[in-house]
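# Observations on the model geometry
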Amino acid sequence: MTYQEILQTARTCSGPYCKACPVCNGRACGSTMPGPGAKGTGAVAVRNYEAWQDVYLNMDTICENGPADTRFTLFGQTFDLPVFAGPVGAVKLHYGDKFTDQEYNRMLVPACAQAGIAAFTGDGTDPGVFTAAAQAIGENRGRGIPTVKPWDRDTLFAKLDQGKAAGAQMFAMDIDAAGLPFLKGLTPPAGSKTVAELREIIEYAGVPFILKGIMTVRGARKALEAGAAGIVVSNHGGRVQDGVPATAEVLPAIAGAVKGQMTVLVDGGIRSGVDVCKALALGADACILARPYVTAVYGGGAEGVKVLTDKLKAELADTMTMCGVHSLAEISRDLIF
């Protein structure tokens, strides 16, 4: 199966919001919500993609001729490349009724593990979604990151207990999900958290904790103060707030402020191994791709995940070779034009 065949198959079963476009750049889905579309004008999703295209790399092939090592280590686990599948919830509603969330995660998690990476899994109002995802991660030797929404304290602690019992070795929270409509007005309340509240949650988790949805240096420093082991520079694909910058635009300042003190990941419009290299050169340690992996699963199942991952790895390795670097540690701001 080729990547083009995956896209063709995905177009027969994705929708009505996702079109499985040749390039997932946010233009076709625009401001359609929920799912792939962005909030308001829909411009943030487009801007995320285009900002990476406005970053240029310096080639340098006067160097030692050798293979590029794309391996990446996160909290003691080593992966074949610095790429993770992103957390997606309510896939049946957002991307088509081919899969339920439980079926999607039970396919995605082992497929990513077999392809040499790992998946962040989603969360939702149906408690069975998180339970099934955590179980899938546990069944795959903890190769995955269960992601929780910013629920109330008791709900969060119960989910963390479930995850740890299943074998999760790290957690994430998409703190910016506070802007999602279904979280508003809940009883007990869900939404934004203070530094003190986050510190209590992270200490209770007892394993490395990643906060996703950081878009400012101030936010990154708050995450560090709360005890987070890592952050994801993310605007939720433009789905929680219109009129904000692209992740590529804010990444350098954020990474410059906290790099070395915590792991810095980034998502939003990253679509190729070339984009991954650009992100690492701007200060990220690794990248997350969500929508492309949904398309891969809908279009090719576990094989689709492997095809996409192999494509990204080959693109990253080729880019590193053409830029004269042989390991991820050698990628620096010097690569940026």
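Before reading further, recall that the structure is shown in the block above.
Residue numbers here run from 1 along each chain, matching the order of that chain's written sequence. Local features in this predicted model are restricted to residues whose pLDDT is 70 or higher, and side-chain atom pairs enter the listing and the counts only when it is 80 or higher, whereas totals over whole chains, interfaces and linings include all residues. Heavy atoms from the whole structure form the basis of all side-chain values; hydrogens and water molecules are not counted.

### Here we look at the packing of aromatic side chains
A pair of aromatic rings is counted whenever rings of Phe, Tyr or Trp (Trp by its six-membered ring) have centres within 6.5 Å, and the orientation is called stacked for planes under 30 degrees apart, edge-to-face for over 60 and tilted otherwise. Counted according to the given criterion, the structure contains 5 aromatic pairs. The interplanar angle of 75° and the centroid separation of 5.1 Å between the aromatic rings of phenylalanine 79 and phenylalanine 84 together place this pair among those described as edge-to-face. Considered together, phenylalanine 79 and phenylalanine 84 belong to a single accessibility category, that of buried residues. When the ring centre of tyrosine 204 is taken as reference, the NZ or CZ atom of lysine 164 above it lies at 4.7 Å. For lysine 311, the ring lying beneath its charged end belongs to tyrosine 3, and the centroid distance is 4.9 Å. Exposed residues in this analysis have more than 50% of their type's maximum accessible area, buried residues have under 20%, and partly exposed residues fall in between, with area computed by a 1.4 Å probe over protein chains only. We call a charge positioned over a ring when the NZ of a Lys or the CZ of an Arg lies within 6 Å of the ring centre and within 35 degrees of the ring normal.

### Here we look at the sheet that holds strand β9 (residues 263–266)
Pairs of strands are assigned from DSSP output, requiring at least two bridges between the strands. A helix here means a DSSP run of H or I that spans at least four residues, while a strand means a run of E at least two residues long, and both kinds are numbered starting from the N terminus. Ordered by their spatial adjacency, 8 strands build a closed barrel running β3-β4-β5-β6-β7-β8-β9-β10, and the pairing between neighbours is parallel. On average, adjacent strands in this sheet sit at an angle of 30° to one another, irrespective of strand direction. Here strand β3 (residues 83–85) pairs with strand β10 (residues 286–289) via 3 bridges, running parallel. In the sheet register, valine 83 faces β10, and the bridge partner there is cysteine 287. Strand contacts of helix α6 (residues 153–166): β5 (145–148), β6 (171–174) and β7 (209–214), with the helix running at about 145° to β6, the strand carrying the most contacts. Should any heavy atoms of two residues lie within 4.5 Å, those residues are considered in contact. For helices, the fitted line uses only the C-alpha atoms of the stretch in contact; every axis is such a line through C-alpha atoms, and the angle between N-to-C directions lies from 0 to 180 degrees. Seen against the sheet, helix α10 (residues 273–281) touches β3, β9 and β10 and runs at an angle of roughly 135° to β10.

### Considering the packing of helix α2 (residues 43–53) against helix α9 (residues 247–258)
At their nearest, the axes of α2 and α9 sit 8 Å apart, and the two run at 65° to each other. Residue-level inspection shows Arg47, Asn48, Ala51 and Trp52 of α2 in contact with α9, the latter providing Thr247, Ala248, Glu249 and Leu251. When grouped by side-chain class, the residues that make up the contact of α2 with α9 number 4 nonpolar, 2 polar and 2 charged. Any residue that is not Ala, Val, Leu, Ile, Met, Phe, Trp, Tyr, Cys, Pro, Asp, Glu, Lys or Arg is counted as polar, Gly included; the first ten are nonpolar and the last four charged.

Function cannot be read off these values alone, since they describe shape.
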